[in-house]
Amino acid sequence: MSFADLLRPKWKHSDWRMRQAAAKELTDQALLAEIARNDQDVDVRKVAVERLTDQVVLAEIIRNDSFSEVRQAGVKRLTDQSLLTHIVNNDSDWHVRLEAIEKLNDQAALAQAARNDSHADVRRAAVAKLTDQAALAQVAQNDSLADVRRTAAGKLTDQHLLGHIAETDNELAVRLVAVRNVSEPALLADIAKKANDPDVRRHAVERIAEQALLAKIAETDRNRDVRLTALRRITDPRMLAEVARLAPAGDYVENEQVGICFRDDAGVAALKNLTDQTLLADVATTANYPEVRGKAVSKLTDQEVLLDIAKNDGDVDVRREAVGKLTDQAALAQIARNDAHKEVRRKAVSKLTDQEILLDIAKNDGDVDVRREATSKLTNQEMLLDIAKNDGDLDVRREAVGKLTDQAALAQIARNDGPDYVRMEAVCKLTNQELLADIARNDSHESVRWEAIRRLTNQPALAAHAKSIFLSEAAQASSLFQKLTNKALLSDVRKNAKCSCVRSWADWKISQSR
């Protein structure tokens, strides 16, 4: 700071910061005007301009100051619309022009800026303040930048022009804004049916209420999302049923844009909110696609309709679904005996309770899975024993053995059946200790013998078996001695077992119990 600074006012100080601070405190418009015109520092001039109110002085500074920051500060203080228009039309800096647009209300000036300004932000700001529909239409159709066109389209009210833009603009964002502003039903319908872009059609559909049109779109539009959008807007049960009958249900189709496959399920989706039994019956019997018929069947309760479908539908899965809903035993028996497909017969069998009918199917059906299903439902022990002994399929016999509880019947199978795993199934259910001991000694298959040993709990039987073990069967001794605890019987085994290793096991077990 020089000595001269002590003698001059602060707004003339040599340090710009002091001048700036002084300007912030001034209210004298003449002094502020002098500073705004003449100070060498842009920040000082800007502060002075921010405190000016004289519109003529502000206009002079805006015209003459070379720094856009000062001019922009001046524009913020302007209220004169003609001056603001002049700035919008002539200032070289777009920030200044943008500031002027924010304060401008003259529609003609705004329209000119919206059409002609070189900077997109200025044009967009002008469009945002425009109400003149002709000017908005011109910008919406002709501006080179999509964002400006989108802003203009968002303010249009001309329905036919909006429809035209929705179908023809080369940017999706502009087309979508246009279609969102369309409210005329006929025009929305036309867009929904004819627009090339599926997103545009979908947005049009979201604004349509006519049920028949929505149903037609849900049935026929080439894009899945458009169809499902239409479907979600259908509330008329008859229209839902119509879509379900005719729309695709489950084809996998390729989306060319993203190169993946998706499931097209409009027909099935149409049934989600359909509860009317008459309409469901119509769909279940007449829909083009079996997936749709099956879904309709799953919601049916009418037994006569279900029986008709269970007997006559050409698709196995649909018949099976209908059978799963049937309760009439006679009808189920008829299907269980007569349907051409094993899965339908098997489903019917799973719902049968009549033991005589189940036995007939268990003995006579030509398919192993159906016979096994019937066998699993049997409770009569004589019937089960008959199947366990005589069925031609081992899995069916095992199923029958697994249902047996009669120990005498199980003993017959365990001693006499040919395949080892059928005998094993019987041994797993035996409780007779003498019989188990006999099987443990004499069965021809090692796994059956081991299962019999595993089920032995009778101490004398365990001891007797331990004494009869030969060296080749010595591995059984460890399992036996885990359960043999009677000391007298252990002593007998130690003295009289045929195999020396068994005698050693007995001696060790006795020593452990002392």
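Further up the page is the structure itself.
Residues numbered from 1 in each chain as written. Predicted model: local features only at pLDDT ≥ 70, side-chain atom pairs only at ≥ 80, totals over all residues. Heavy atoms only, no water.

## Description of the overall build of the chain
A tally of helices and strands in the chain yields 38 helices and two strands. Its C-alpha radius of gyration of 47 Å places the chain more than 25% over the 24 Å reference for a compact globule of 514 residues. Expressed along its principal axes, the backbone C-alpha trace of the chain runs to roughly 135 × 75 × 35 Å. With 514 residues in all, the chain has 46% of them scored as buried. The contacts of the chain with a sequence gap of at least 6 include a subset with a gap of at least 24, amounting to 46%. When the accessible surface of the chain is totalled, it reaches about 25,400 Å², and 47% of it is carbon and sulfur. Each charge class in the chain was averaged separately, 77 positive and 82 negative side chains, and the resulting centres sit 6 Å apart. (Helix = DSSP H or I, 4+ residues; strand = E, 2+ residues; numbered from the N terminus. Rg over C-alpha atoms; globule rule 2.2 N^0.38 Å. Buried < 20%, exposed > 50% of the residue type's maximum accessible area, 1.4 Å probe, protein only. Contact = heavy atoms within 4.5 Å. Areas by Shrake-Rupley, 256 points an atom, 1.4 Å probe, with all protein chains shown as cover. Lys, Arg positive; Asp, Glu negative; His and termini not counted. Charge placed at Lys NZ, Arg CZ, Asp CG, Glu CD.)

## Topic: the nonpolar core
Among the nonpolar cores identified, the biggest contains 161 residues, and I101, I191, V283 and V493 are the most heavily contacted of them. For I101, the contacting residues outside a window of four places in its chain are V88, L110, A113, V122, A125, A126 and K129. (Core = buried A, V, L, I, M, F, W, Y, C linked by side-chain atoms within 4.5 Å.)

## Regarding the packing of helix α37 (residues 487-496) against helix α38 (residues 500-512)
In a pair of packed helices, the angle between the axes and the distance between the axes together describe the arrangement. Taken N-terminus to C-terminus, the directions of α37 and α38 make an angle of 145°; their axes are 8 Å apart at the nearest point. α38 is crossed by α37, and the crossing has left-handed handedness. Contacts between α37 and α38 pair L490, S491, V493, R494 and K495 from the former with V502, R503, A506, D507, K509 and I510 from the latter. (Axes fitted to C-alpha atoms, helices over the stretch in contact; angles between N-to-C directions. Left-handed = near helix turned anticlockwise from the far one by under 90°.)

## Points about the packing of helix α19 (residues 237-246) against helix α21 (residues 277-286)
Contact geometry of α19 with α21 gives a least axis separation of 9 Å together with a crossing angle of 10°. Relative to α21, the element α19 lies roughly parallel. Residues P237, R238, A241, A244 and R245 of α19 touch α21, and the partners they reach there are L279, D282, V283 and T286. Classifying every residue of the contact of α19 with α21 by side-chain character gives five nonpolar, one polar and three charged. (Parallel < 35°, antiparallel > 145°, perpendicular 65-115°, else oblique. Nonpolar A, V, L, I, M, F, W, Y, C, P; charged D, E, K, R; others polar.)

## Remarks on the pattern of salt bridges
Enumeration according to the criterion identifies 32 salt bridges in this entry. Where R337 meets D360, a salt bridge forms, and the shortest distance between an N and an O atom there is 3.2 Å. Of this pair, R337 sits in helix α25 (residues 329-338) while D360 sits in helix α27 (residues 355-364); the two residues are 23 residues apart in sequence, bridging distant segments of the chain. Assessed through its relative accessible area of 43%, R337 is described here as partly exposed. We note a salt bridge from R494 to D507, for which the minimum N-O separation is 3.0 Å. Taken as a pair, R494 in helix α37 and D507 in helix α38 lie far apart in primary sequence, 13 residues in all. Salt bridges sharing common partners tie together K342, D367, D369, R372 and D395. (Salt bridge = Lys/Arg side-chain N within 4 Å of Asp/Glu carboxyl O.)

## With respect to the packing of aromatic side chains
Taken as a whole, this structure holds one aromatic pair when the rule is applied. Judged by centre distance (5.9 Å) and plane angle (85°), the ring pair of W505 and W508 falls under edge-to-face. Of this pair, W505 and W508 both sit in helix α38, three residues apart, roughly one helical turn. Overall, W508 belongs to the partly exposed group, its relative accessible area being 44%. (Phe/Tyr/Trp six-rings, centres within 6.5 Å; stacked < 30°, edge-to-face > 60°.)

## Regarding the side chain of Q355
Mapped onto the fold, Q355 is located in helix α27. Here the side chain of Q355 touches T379 through a polar contact of 2.7 Å, landing on its backbone nitrogen. The contact partners of Q355, leaving out residues within four places of it in the chain, are K377, L378, T379, N380 and M383. (Polar contact = N/O pair within 3.5 Å; in protein donor to acceptor, adjacent residues only side chain to side chain.)

## So, α25
Every α-helical turn comprises 3.6 residues, leaving residues that sit three or four positions apart pointing alike. Residues of α25 that are buried include every one of A331, L332, A333, I335 and A336, and no others. The distance from a side-chain oxygen at the start of α25 to the backbone nitrogen of A330 is 3.2 Å, and the residue carrying that oxygen is D328.

## Comments concerning the side chain of D367
Within the element layout of this structure, D367 appears in the loop between α27 and α28 (368-377). Here D367 falls in the buried class, since its relative accessible area comes to 17%. A polar contact is formed between the side chain of D367 and the backbone nitrogen of D369, at a distance of 2.9 Å. With residues up to four places along the chain from it excluded, the contact list for D367 reads K342 and R345.

## Examining the environment of Q407
One can find Q407 in helix α31 (residues 407-416). The contacts of Q407, once residues within four sequence positions are left out, are K429, L430, T431 and N432.

## What to know about helix α29 (residues 381-390)
Regarding α29, the residues found buried are M383, L384, L385, I387 and A388. Along its buried surface, α29 packs onto α27, α28, α30 (394-403) and α31. In this structure N380 caps α29, since a side-chain oxygen of it lies 3.0 Å from the backbone nitrogen of E382.

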